[in-house]
Amino acid sequence: MRPTTQQNIRGPLPEGLGQAIRETAGDIATLLKDASDTAVPVPDSEWTVGEAAAHLALANELMADLASGHERPYGDGTPQSLAAANAQSLATCEERRAQPLASMIIEQADVFLDAVDQATSDEDTTHSTLVTPLGPMDRNLLASYLLTHMLGHGYDLARALHRPHMIDRDRVGLCMPFMLSVMPRVADTAAIADLTVRYTVRLRGGAAFGVSLADGAVQVTPTPRQRPDCTILIEPVAFLLIALGRRNPWRAIGQGQVIAWGRKPWLGPRFPTLFTAP
């Protein structure tokens, strides 16, 4: 992705992130504009295309409000509370038509970027802590969260409408700050309770990070762990889809998208089961 002139002046966001948000919103809108029936079910979901699109529009609005500094309580971060908040939010929005929802998704992504742009004039405001559905974040991290959320549901819509999805290596890289920050919060406490292990996870052609588990706690580092018990090499798109609960890990392993080695390579396939999708 080549940053545009407009993107270069959009303040504190990492290079390419604002453009990726805008392009992803546009890609989702294009999917919807070609949809003749929004009552089509989304695979592996209780939602229809219209409901998933409405959720995206409402979520983008929520993120834009948060970026503007407004408080918007939305569950307590647990999957159950987020599901309940999603249902309550959807109940307030009756729109299910493709064109209006496509416009709302783009509009609220732009409002989000404008809010971040507005905050750039005040460094303290730019890096201030915001309360989000998945914990405290600054605006940079919130932007990574927004992109990740749009990509997950954009993938769902593409599957439902039998169209190519918009996830690529560059966009996955821009999602990684959010993914690393949220990993300890979404760890499955029962799954990690008796596990002591050090992982290094390498995205093929991209970043590598470390995850250590001990005494029921998860520590994530933006660099590889020294002397890991298990090293995982994974295709970036496969990583994001598995992390978001959109792809079966065993299928990715069977397709050669995931390789594990080290002193305890058998712990590789176990890694995705230690977390719940954010």
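Residues numbered from 1 in each chain as written. Predicted model: local features only at pLDDT ≥ 70, side-chain atom pairs only at ≥ 80, totals over all residues. Heavy atoms only, no water.

1. A short note on the overall build of the protein
- Tallying secondary structure elements over the protein gives 11 helices and 7 strands in all.
- The C-alpha radius of gyration computed for the protein amounts to 19 Å, which stays within 12% of the reference 19 Å derived for 278 residues, consistent with globular compactness.
- C-alpha extents for the protein along the principal axes are approximately 55 × 45 × 35 Å.
- Residues classed as buried in the protein amount to 49% of the 278 residues present.
- When the accessible surface of the protein is split by element, carbon and sulfur atoms take 50% of a total near 13,200 Å². (Helix = DSSP H or I, 4+ residues; strand = E, 2+ residues; numbered from the N terminus. Rg over C-alpha atoms; globule rule 2.2 N^0.38 Å. Buried < 20%, exposed > 50% of the residue type's maximum accessible area, 1.4 Å probe, protein only. Areas by Shrake-Rupley, 256 points an atom, 1.4 Å probe, with all protein chains shown as cover.)

2. Looking at the pattern of salt bridges
- Taken as a whole and assessed by the stated rule, the structure comprises 11 salt bridges.
- R171 is the partner of D27 in a salt bridge, and the nearest nitrogen-oxygen pair spans 3.0 Å. Placement of the pair is D27 in helix α2 (residues 17-33) and R171 in helix α8 (residues 169-182), with a sequence separation of 144 residues.
- D27 sits in the partly exposed class, given a relative accessible area of 28%.
- The exposure class of R171 is buried, given its relative accessible area of 6%.
- Connected through shared salt-bridge partners, E23, D27, D168 and R171 make up one network. (Salt bridge = Lys/Arg side-chain N within 4 Å of Asp/Glu carboxyl O.)

3. Examining the environment of G206
- Inspection of the secondary structure assignment puts G206 in the loop between β3 (197-203) and β4 (208-214).
- The spacing of G206 and G245 is 39 residues in sequence and 21 Å in space, taken between C-alpha atoms.

4. Structural notes on the layout of surface pockets
- Its boundaries defined by the atoms lining it, the largest pocket holds a volume of some 1,200 Å³.
- Contributing to the lining of the largest pocket are 43 residues, with N86, H153, R246, A277 and P278 lying nearest its centre.
- Where the lining of the largest pocket is concerned, the elements lending two or more residues are α3 (49-67), α4 (79-91) and α7 (139-160).
- In terms of residues, the lining of the largest pocket owes the most to one element, α7, which gives 7 residues.
- Here the residues of the lining of the largest pocket are counted per class, giving 22 nonpolar, 12 polar and 9 charged.
- One number sums up the size of the second largest pocket: a volume of about 310 Å³.
- Counting residues per element, the ones that place at least two in the lining of the second largest pocket are α8, β6 (230-234), α10 (236-243) and α11 (249-254).
- No other element matches α10, which puts 3 residues into the lining of the second largest pocket. (1 Å grid on protein atoms, 1.4 Å probe; cavity = no way out; pocket = protein on both sides within 12 Å on 5 of 7 lines; lining within 4 Å. Points joined across faces, edges and corners; volume = space filled by probe spheres on them. Nonpolar A, V, L, I, M, F, W, Y, C, P; charged D, E, K, R; others polar.)

5. Side note on the nonpolar core
- The biggest cluster of nonpolar side chains holds 92 residues, and the ones touching the most others in it are I21, F112 and Y199.
- What I21 contacts, discounting residues up to four positions off in sequence, is A109, F112, L113, A143, L146, L147 and M150. (Core = buried A, V, L, I, M, F, W, Y, C linked by side-chain atoms within 4.5 Å. Contact = heavy atoms within 4.5 Å.)

6. Re the environment of Q19
- Mapping Q19 onto the fold places it in helix α2.
- The spatial distance from the C-alpha of Q19 to the C-alpha of L113 is 9.5 Å, given a sequence separation of 94 residues.
- Of the polar contacts made by the side chain of Q19, one reaches the side chain of E23; its length is 2.8 Å. (Polar contact = N/O pair within 3.5 Å; in protein donor to acceptor, adjacent residues only side chain to side chain.)

7. Quick notes on the packing of α3 against helix α5 (residues 98-119)
- Axis separation between α3 and α5 bottoms out at 8 Å; the angle between their running directions is 15°. It follows from the interaxial angle that α3 and α5 lie roughly parallel. Considering how the two elements wind past one another, α3 and α5 form a crossing that is left-handed. Where α3 approaches α5, its residues G50, A53, A54, L56, A57, N60, E61, M63, A64 and A67 are matched on the opposing element by L101, M104, I105, Q108, A109, V111, F112, A115 and V116.
- A breakdown of the residues in the contact of α3 with α5 according to their chemical character gives 15 nonpolar, 3 polar and 1 charged. (Axes fitted to C-alpha atoms, helices over the stretch in contact; angles between N-to-C directions. Parallel < 35°, antiparallel > 145°, perpendicular 65-115°, else oblique. Left-handed = near helix turned anticlockwise from the far one by under 90°.)

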